[in-house]
Amino acid sequence: MTRDLTGDFQTQRQAADQMPYPTLTERRERLARLARMTKHHQLEIIRAIQTDFGQRSDVEIRMAEISAVLHAIRHARLHLWRWMRPWSVSMPWRLMPARARIAPQPLGVIGVMSPWNYPWSLALMPVVDAFAAGNVVMLKPSEHSPATSALLKQLVPQYFTPEELKVVEGDVDVARRFSGLPFDHLVFTGSSAVGRQVAQAAAANLTPTTLELGGKSPAIVAGGAGFAKAAADIIFGKGMNGGQTCIAPDYVLVESRHMSTLVKALSEAIQQQRPNANAGTHAINAAHQQRLDAMLQEAHDHGCRIIDHGPYAPALIIDPNQGLQVLREEIFGRCLPVIGVSDMAAAIRYVNARPHPLALYAFTHEKGLQQQLLQATRSGALVFNATLLHHAVPSLPFGGVGESGMGAYHGRHGFERFSHLRSVFYQAKRTTSRLLYPPYRRWLIKLIGLG
């Protein structure tokens, strides 16, 4: 297997060397093929993802997996000609009339390690940006979504040569070897624990990495917020894909005096959006389901009030003890702790006392509080009065900070992430800058302000 991975990598390395700067037409054509592959095989994609999860809404699959990829491709193809253009930068007067520009250049071979929770879109979204930047890609999809990974392995060769896009299936050992290849850039989406291992393997080759890791994303509900609307937005974000979303609300902070009102609104939102088991998404496998069940059982054993409307709907855990697993770890499932705080200052202190989240959701229209949250907290994204929707804005960078990841992509930010922004300097035919060469003349040094 090591020999096969190395051979696949060398094939792509040679292809990148032979075509170091694909034209706008060539890049758009690759993106068009990626769109055709996604659009023409929608039913197969839906069936594969539903096979992996056991049950998942086809509407959610179309929205979060298929439409997300097609929208990203449309955005890239529309704006790519602007992104590719070099741009001029200012020149110090002492060096005039020289000129300088920044020219984006493809990095070469990009490695992508994708997760199981959105096995189609999170596999191909980095590929969109890498293709836009003129690179070739090796993709290692998750072994925990085998049906979708097998479909990628089957479909990609029908639309791309191995020199353009290569899918590598395999277990943890293959993933470990994959992350040790000398890519020009490596993208990993998954847990913080595995992300550390990937970064260590990549560091041996000085491979730059983009790590999308997740973490515990809070939702702060202020007293002046409309509780019914806030609850509906929170349950939408938590219910999507059964909570198995890196930017899902992980816990809710609300002033204790408003706790009962918000809990009632959250419970009503659950009943409206997830009225029966058929409206929910299953955990990806038995081990993950057992982990979530253990979280709920531990909270129950410690006397927490739990509001549970069914096995696949969000389950509210009211004011859990800080030592419980549901507050120590990223939940990545249907459990939703609701925690009372004295005021908004206490909510901010609570968030800041923990690792920086991938997303911070705040429900308030008060400009002063919005500004305070903007200045006093750190997170990959700050979202007011909504959940998840920022991920659908291709012109916003998507990424974490600190424990929630490093680097960001999507749209132009992804194009630049997978490009080398090359400095280019053009010396003029006639220039005074050579007067700065030795032997140094004291009068000239003083004249130009260096003495």
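Keep in mind that what you see is a predicted model, and the values were worked out from it rather than measured.

**Digging into the sheet that holds strand 8 (residues 217-221)**
In space, the 7 strands of this open sheet follow the order 10-11-12-9-8-13-14, with mixed pairing throughout. A single partner strand is all that each edge strand has here, and the edge strands are strand 10 (305-308) and strand 14 (381-384). Shown here is a sheet whose adjacent strand axes are inclined to one another by a mean of 20°, direction ignored. Contacting strand 8, strand 9 (249-255), strand 12 (335-341) and strand 13 (359-363), helix 13 (residues 344-352) crosses the sheet at an angle of about 150° to strand 9.

**Regarding the layout of surface pockets**
Space inside the largest pocket adds up to approximately 1200 Å³. At the level of elements, helix 7 (172-179), strand 6 (185-189), helix 8 (192-203), helix 11 (286-301) and helix 12 (325-328) are the ones that each hand at least two residues to the lining of the largest pocket. Among the elements that line the lining of the largest pocket, the one with the most residues is helix 8, at 6 residues. Across the lining of the largest pocket, the residue classes break down as 20 nonpolar, 16 polar and 11 charged. In this model, the second largest pocket occupies a volume close to 530 Å³. As for the second largest pocket, its lining consists of 26 residues, and the residues nearest its centre are Met63, Ala64, Ala68, His391 and Ala392. Of all elements in the fold, only helix 4 (58-84) and helix 5 (121-132) reach the threshold of two or more residues within the lining of the second largest pocket. Counting residues per element, the lining of the second largest pocket draws most heavily on helix 4, which supplies 7 residues. A per-class count over the lining of the second largest pocket returns 16 nonpolar, 9 polar and 1 charged.

**Structural notes on the pattern of salt bridges**
Side chains that differ in charge, positive against negative, can pair when their charged atoms come close. The final tally for this structure, using the stated rule, is 17 salt bridges. Notably, a salt bridge pairs glutamate 164 with arginine 33, separated by 2.7 Å at the nearest N-O pair. One end of the pair, glutamate 164, is in the loop between helix 6 (146-159) and strand 5 (165-167); the other, arginine 33, is in helix 2 (residues 24-40), and 131 residues separate them in sequence. Judged by relative accessible area, which is 11%, arginine 33 ranks as buried. For glutamate 143, the salt bridge is made with lysine 140, and the minimal N-O distance between the two is 3.2 Å. Under the relative-accessibility criterion, glutamate 143 is labelled partly exposed at 29%.

**Quick look at the domain arrangement of the protein chain**
If you check the domain split of the protein chain, you get domain 1 (5-213 + 404-424) and domain 2 (218-392). Inter-centroid distance (C-alpha atoms) of domain 1 to domain 2 is 31 Å. Each side of the interface is counted separately: domain 1 has 18 residues, and domain 2 has 24 residues. Seen at the junction of domain 1 and domain 2, the total is 1 salt bridge. Here glutamate 60 and arginine 274 are joined by a salt bridge, their closest N and O atoms 2.8 Å apart. For the pair domain 1 and domain 2, the interface holds 9 residue pairs in polar contact (both at pLDDT 80 or more). When contributions to the side of domain 1 that touches domain 2 are tallied by element, the ones reaching two or more residues are helix 3 (42-53) and helix 4. Here the side of domain 1 that touches domain 2 takes 3 residues from helix 4, the largest share from any one element. Of the residues assigned to the side of domain 1 that touches domain 2, the class counts are 6 nonpolar, 8 polar and 4 charged.

**Considering the UniProt feature "active site" (unreviewed entry) in the protein chain**
Residues annotated in UniProt with the feature "active site" (unreviewed entry) correspond here to Glu212 and Cys246. Spanning 35 residues, the named residues nonetheless gather at one spot, since no C-alpha pair among them exceeds 8.6 Å. Lining residues of the second largest cavity drawn from the annotated set just named are Cys246. In this fold, glutamate 212 is placed in strand 7 (residues 209-212). Looking at glutamate 212, the relative accessible area reads 3%, which means it is buried. Ignoring sequence-local partners within four residues, the contact set of glutamate 212 consists of Phe188, Thr189, Gly190, Leu358, Phe398, Gly399, Gly400, Ser404, Gly407, Ala408 and Tyr409. Turning to its location among the elements, cysteine 246 is positioned in the loop between helix 9 (227-239) and strand 9. Residue classification places cysteine 246 among the buried residues on the basis of a relative accessible area of 14%.

**Looking at helix 14 (residues 367-376)**
Listed in full, the buried residues belonging to helix 14 are Leu369, Gln370 and Leu373. Viewed along the axis of helix 14, the buried residues span an arc of 105°, placing them on a single side of the element. For helix 14, the exposed residues lying more than 90 degrees away from the buried face are Lys367, Leu374 and Gln375.

**Observations concerning the pairing of strand 8**
Within a regular strand, the side chains alternate between the two sheet faces. Most of strand 8 sits out of view: 5 of its 5 residues are buried. The alternating pattern of strand 8 places Ser217, Ala219 and Val221 on one face and Pro218 and Ile220 on the opposite face, and all of these are buried. Examined bridge by bridge, strand 8 and strand 9 share 5 bridges and lie parallel to one another. When the bridges of strand 9 are listed, valine 221 appears paired with valine 254.

**Structural notes on the nonpolar core**
If you look at the biggest cluster of nonpolar residues, it comprises 86 residues, and the most contacted ones within it are Trp120 and Val221. The biggest single contributor to this core is helix 4, with 11 residues. Built from parts of two domains, this core gets at least three residues from each of domain 1 (5-213 + 404-424) and domain 2 (218-392). Apart from residues lying up to four places away in sequence, tryptophan 120 is in contact with Met37, Thr38, Ile45, Ile49, Glu65, Val69, Thr148, Leu151, Leu152 and Leu155.

Thresholds, definitions, all that
- Residues numbered from 1 in each chain as written.
- Predicted model: local features only at pLDDT ≥ 70, side-chain atom pairs only at ≥ 80, totals over all residues.
- Heavy atoms only, no water.
- Pairing = 2+ DSSP bridges.
- Helix = DSSP H or I, 4+ residues; strand = E, 2+ residues; numbered from the N terminus.
- Axes fitted to C-alpha atoms, helices over the stretch in contact; angles between N-to-C directions.
- Contact = heavy atoms within 4.5 Å.
- 1 Å grid on protein atoms, 1.4 Å probe; cavity = no way out; pocket = protein on both sides within 12 Å on 5 of 7 lines; lining within 4 Å.
- Points joined across faces, edges and corners; volume = space filled by probe spheres on them.
- Nonpolar A, V, L, I, M, F, W, Y, C, P; charged D, E, K, R; others polar.
- Salt bridge = Lys/Arg side-chain N within 4 Å of Asp/Glu carboxyl O.
- Buried < 20%, exposed > 50% of the residue type's maximum accessible area, 1.4 Å probe, protein only.
- Domains from an automatic or database assignment.
- Polar contact = N/O pair within 3.5 Å; in protein donor to acceptor, adjacent residues only side chain to side chain.
- UniProt positions renumbered as here; feature names shortened; annotations may be inferred.
- Arc of directions from axis to C-beta.
- Core = buried A, V, L, I, M, F, W, Y, C linked by side-chain atoms within 4.5 Å.

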